[in-house]
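Residue-level structure breakdown
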Amino acid sequence: MRPEVVVTRRAHFNAAHRLFNPALSDAENARLFGPCANPNYHGHNYNLDVSVAGAVDPGTGYVIDVKTLKDLIETHVLSRFDHKNLNLDVPEFRDTNPTAENIAVACWRLLEPVVPAGRLARIVLWETERNLVEYTGG
Ligand code: NI
């Protein structure tokens, strides 16, 4: 039986966002989301860890060529999110609060259909050095 291994590529992007619920008043949003509800947005330096699981190919020794994974992340995620205002520029967040949780789910939905070898196993989105969320497709 071929061993199954998880391969992870870390990517990075900068983006602005505002966390708010349009059904609530500015005061209620400020109470719920604190400084993240600032009407004029704020930025983060996000790290994105994308993990692909699969059997090691005996011909290459790879589960997936990390260059392939790097290119997929650039094409399908970074090109949409990097140096963007997530609320205003990214259709995925037109009606969805761009929390770390929702960004991780959006990354999964963009990448899951295009991973050519193995399967997408995990998305970890780091919003700060201390705050991260993980999504495994459930
Ligand atoms: Ni924020």
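That block above? That's the structure.
All values derive from a computational prediction rather than experimental measurement.

Calculation criteria
Residues numbered from 1 in each chain as written. Predicted model: local features only at pLDDT ≥ 70, side-chain atom pairs only at ≥ 80, totals over all residues. Heavy atoms only, no water. Axes fitted to C-alpha atoms, helices over the stretch in contact; angles between N-to-C directions. Helix = DSSP H or I, 4+ residues; strand = E, 2+ residues; numbered from the N terminus. Parallel < 35°, antiparallel > 145°, perpendicular 65-115°, else oblique. Left-handed = near helix turned anticlockwise from the far one by under 90°. Contact = heavy atoms within 4.5 Å. Phe/Tyr/Trp six-rings, centres within 6.5 Å; stacked < 30°, edge-to-face > 60°. Buried < 20%, exposed > 50% of the residue type's maximum accessible area, 1.4 Å probe, protein only. Donors = N, O, S within 2.8 Å, 3.2 Å for Na, K, Ca; no water. Polar contact = N/O pair within 3.5 Å; in protein donor to acceptor, adjacent residues only side chain to side chain.

With that settled, the discussion passes to the packing of helix H2 (residues 66–81) against helix H4 (residues 100–111). Where H2 contacts H4, the axes come no closer than 10 Å and their chain directions differ by 135 degrees. Between H2 and H4, the crossing angle belongs to the class labelled oblique. Here H2 and H4 pass one another in a crossing that is right-handed. Facing Leu72, Ile73, His76, Val77, Arg80 and Phe81 of H2, the residues of H4 in contact are Ile103, Ala106, Cys107, Leu110 and Leu111.

Attention now goes to the packing of aromatic side chains. Here the structure, examined in full by the defined rule, presents four aromatic pairs. Between Phe13 and Tyr46, the aromatic rings sit 4.8 Å apart at their centres with planes inclined by 20 degrees, giving stacked as the arrangement. On the criterion of sequence distance, the pair formed by Phe13 in strand S1 (residues 4–17) and Tyr46 in strand S2 (residues 42–55) is long-range, its members being 33 residues apart. Note on Phe13: relative accessible area 0%, which makes it buried.

Next up on the list: the coordination of the nickel ion. Summarising the metal site, the nickel ion is bound by the protein donors His17 (NE2), His42 (NE2) and His44 (NE2), whose distances to it range over 2.0 to 2.1 Å. Donor residues for the nickel ion, ordered by position in the chain, follow H-x24-H-x1-H.

On to the side chain of Asn85. In this structure, Asn85 sits in strand S3 (residues 84–85). On the accessibility criterion, Asn85 (13% relative accessible area) is buried. Here the side chain of Asn85 touches Asn87 through a polar contact of 3.0 Å, landing on its backbone nitrogen. In terms of polar contacts, Asn85 uses its side chain to reach the backbone amide nitrogen of Leu88, at 3.0 Å.

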